Amino acid sequence: MNDTIIFKTQPKGKLTGSIRVTGDKSISHRSIMLGALAKGTTEVSGFLNGEDCLATIKAFRAMGVTIEGPEKGHVTLHGVGLQGLKARDADLDMGNSGTAMRLLTGLMAGQRFASTLIGDTSLSTRPMRRITRPLEQMGASITTGESGTPPLSIEGGHKLTGIHYDLPVASAQVKSAVLLAGLYAEGETSVTEPAVTRDHTERMLRGFGYEVVTDGNRMSLQGGGELTACKIDVPADISSAAFFMVGASIAKGSDLTLEHVGVNPTRTGVIDILKLMGADITLSNQKEVGGEPVADIRIRSAQLKGIQIPEALVPLAIDEFPALFVAACLAEGQTVLTGAEELRVKESDRIQVMADGLLICGADVTPTSDGIIINGGHLTAGEVDSHGDHRIAMAFSMAGLCAEGSITIHDCANVDTSFPNFIETATNSGVKVSRV
Ligand code: S3P
């Protein structure tokens, strides 16, 4: 356990008022990557000032891109064009971020120079062959560490050719790595996905004037075009909002509005799952900003019930399961999740780490190879280890609302990767959680 940052909860909070959570992580990363490679000046607002996205900014600055900010969510990128990046001798450190590493590898495969991508202890254990395999089929040369994990050394200087790739896993990161390499490839690059995954890369490429064709589950683009700078308004992150949706659902007397949340249909699985469980969630002010749908989301507390989670919703809620497991512990009846083995290769093994922590807190949970079985009941109190996983730490912060006693959560420093002011936002909305 890394004990530099410990959270402690107190029971009996309730969530009220209106809040805007931090900017969407997936969209923030992509805004830097495409803005850096566009021709002209891209203005980004609502940018997530979290460590993951700052790692992406740092990498592009290191490759010669002038980037101003982030200053109150505002970033200005002076794009260098698709061929304008400069070689960098030192390694590019992606920190804790799988998105930064996987998407950047796609882009680096198309450069004339070599690069090496490294990450922190968690990222250094995560599977990378899922991206190196298709990129090598396109002509890239990439060396991984033992067992296909980082560091990744990309030779550069190889001519890429478009391929068609059938994604073996429903992963937006793999889809995006291939499509981004496709910008540098000769001819058409296409992918088919086995289930719908987040489509921010496709939407944002179009926003930068690059044609991407989506035909059912097949996405394609032609190499050799160019990106034209644009304005990007990053909505609040539904994955960060999810903790508050669960918190407000389980804490009696809650009535909370989350403002300007991204509700791209490839991300709204958490709303669908909570509604199936009986949550009281309504959307208002629905509009589109810069190609992405947004809405205000109002959540009032409700008695949740256990459900069999439809597998089709799994990729649409992939980051929200730590929070959803907490909801299931406080629901009436049994919740069963299957088809979610991907959770085992996130920032931590989210099935095992959540199960371990929930068991400590008195829940009735049984992890399975691809999911979990949770019998709803009550939570007691306890001391849990987030294993440096931001979403585990925030999920247990919400569990504290309905636990009988206090929950102490260890190893919470990485909350800053996706939600830098989480404690303040949570406290302001009525969650009794503090740093100790
Ligand atoms: C992301 C895709 C998802 C998600 C991650 C962000 C993205 O990962 O879990 O937090 O921005 O493309 P996978 O593509 O591995 O499912």
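Refer to the structure presented above.
About the thresholds
Residues numbered from 1 in each chain as written. Predicted model: local features only at pLDDT ≥ 70, side-chain atom pairs only at ≥ 80, totals over all residues. Heavy atoms only, no water. Pairing = 2+ DSSP bridges. Helix = DSSP H or I, 4+ residues; strand = E, 2+ residues; numbered from the N terminus. Axes fitted to C-alpha atoms, helices over the stretch in contact; angles between N-to-C directions. Contact = heavy atoms within 4.5 Å. Near = heavy atom within 4 Å. Polar contact = N/O pair within 3.5 Å; in protein donor to acceptor, adjacent residues only side chain to side chain. Areas by Shrake-Rupley, 256 points an atom, 1.4 Å probe, with all protein chains shown as cover. 1 Å grid on protein atoms, 1.4 Å probe; cavity = no way out; pocket = protein on both sides within 12 Å on 5 of 7 lines; lining within 4 Å. Sits in = over half its atoms within 2 Å of the grid points. Nonpolar A, V, L, I, M, F, W, Y, C, P; charged D, E, K, R; others polar. Buried < 20%, exposed > 50% of the residue type's maximum accessible area, 1.4 Å probe, protein only. Points joined across faces, edges and corners; volume = space filled by probe spheres on them. Phe/Tyr/Trp six-rings, centres within 6.5 Å; stacked < 30°, edge-to-face > 60°.

Asks: Describe the sheet that holds strand β19 (residues 364-368), and please don't skip the residues or the numbers.
Replies: Overall, antiparallel pairing links the 3 strands, which are arranged β18-β20-β19 in an open sheet. Every interior strand has two partners, whereas the edge strands, β18 (334-337) and β19, have only one. Adjacent strand axes in the sheet meet at a mean angle of 10° when their direction is disregarded. Sheet topology note: the β19/strand β20 (residues 371-375) ladder contains 5 bridges and is antiparallel. By the bridge assignment for β20, Asp 364 is matched with Asn 375. Against the sheet, helix α9 (residues 321-329) makes contact with β18, β19 and β20, and its axis sits at roughly 25° relative to β20, the strand it touches most. Here helix α10 (residues 350-360) sits on the sheet in contact with β19 and β20, set at roughly 160° to β19.

Asks: Got a sec to walk through the site of the ligand? Specific residues and values, please.
Replies: Every residue close to the ligand is listed here: Ser 26, Arg 30, Thr 99, Arg 102, Ser 171, Ala 172, Gln 173, Arg 198, Ile 318, Asp 319 and Lys 346. Lys 346 places a polar side-chain atom, nitrogen or oxygen, 2.7 Å from an oxygen atom of the ligand. In isolation the ligand exposes 380 Å². Once the protein is present, 95% of that is buried. Spatially, the ligand is embedded in the largest pocket. Broken down by secondary-structure element, the contributors of at least two residues to the shell around the ligand are α1 (25-37), α3 (98-108) and α5 (172-182). Looking at the shell around the ligand residue by residue, the class counts come to 2 nonpolar, 4 polar and 5 charged.

Asks: Tell me what's going on with the side chain of Arg 350, and back it up with residues and numbers.
Replies: On the secondary structure map, Arg 350 appears in helix α10. Since its relative accessible area comes to 1%, Arg 350 is described here as buried. There is a polar contact of 3.0 Å between the side chain of Arg 350 and the side chain of Glu 347. Sequence-distant contacts of Arg 350, defined by excluding residues within four places in its chain, comprise Asp 319, Pro 322, Phe 325, Leu 343, Arg 344, Asp 389, His 390, Arg 391 and Ile 392.

Asks: I'd like a description of the layout of surface pockets, backed by residues and values.
Replies: Approximately 580 Å³ is the volume attributed to the largest pocket. For the largest pocket, the lining is made up of 37 residues, of which Ala 170, Ser 171, Ile 318, Glu 342 and Lys 346 are closest to its centre. At the level of elements, α1, α3, α5 and α11 (390-399) are the ones that each hand at least two residues to the lining of the largest pocket. Its residues assigned to classes, the lining of the largest pocket shows 10 nonpolar, 11 polar and 16 charged.

Asks: Now, about the packing of aromatic side chains: what can you tell me, with residues and values included?
Replies: In the structure shown here, the tally under the stated rule is 5 aromatic pairs. Relative to Phe 419, the ring of Phe 244 lies with its centre 6.1 Å away and its plane at 50°, an arrangement referred to as tilted. With a gap of 175 residues between them, Phe 244 in helix α7 (residues 238-250) and Phe 419 in the loop between α12 (415-418) and α13 (422-429) connect regions that are remote in the sequence. Among the residues examined, Phe 419 registers a relative accessible area of 0% and is labelled buried. Here Phe 321 and Phe 325 contribute two aromatic rings whose centre-to-centre distance is 6.2 Å and whose plane-to-plane angle is 45°, an arrangement assigned as tilted. Of this pair, Phe 321 and Phe 325 are both found in helix α9, 4 residues apart, which corresponds to roughly one turn of the helix. Through a chain of ring-to-ring contacts, the aromatic side chains of Phe 7, Phe 244, Phe 419 and Phe 422 assemble into a single cluster.

Asks: Could you give an account of the sheet that holds strand β22 (residues 407-410), naming the residues involved and the relevant values?
Replies: Strand order in the open sheet formed by 4 strands is β21-β22-β1-β23, and the pairing between neighbours is mixed. What marks the edges here is a single partner per strand, and that holds for β21 (382-385) and β23 (433-435). The mean inter-strand angle of the sheet, taken between neighbouring strand axes irrespective of direction, is 20°. One ladder, built from 2 bridges, connects strand β1 (residues 7-9) with β22; its direction is antiparallel. Bridge pairing in β22 links Lys 8 to Thr 408. The sheet contacts of α11 involve β1, β21, β22 and β23, and relative to β22 the element is tilted by about 175°.

Asks: Account for empty space enclosed by the protein, naming residues and giving values.
Replies: The tally for this structure, following the rule as stated, stands at 1 cavity of 30 Å³ or more. Around the largest cavity sit Asp 24, Ile 27, His 200, Pro 235, Ala 236, Ile 238, Gly 262, Val 263, Asn 264, Arg 267 and Glu 292, which together line it. Split by residue class, the lining of the largest cavity holds 5 nonpolar, 3 polar and 3 charged.

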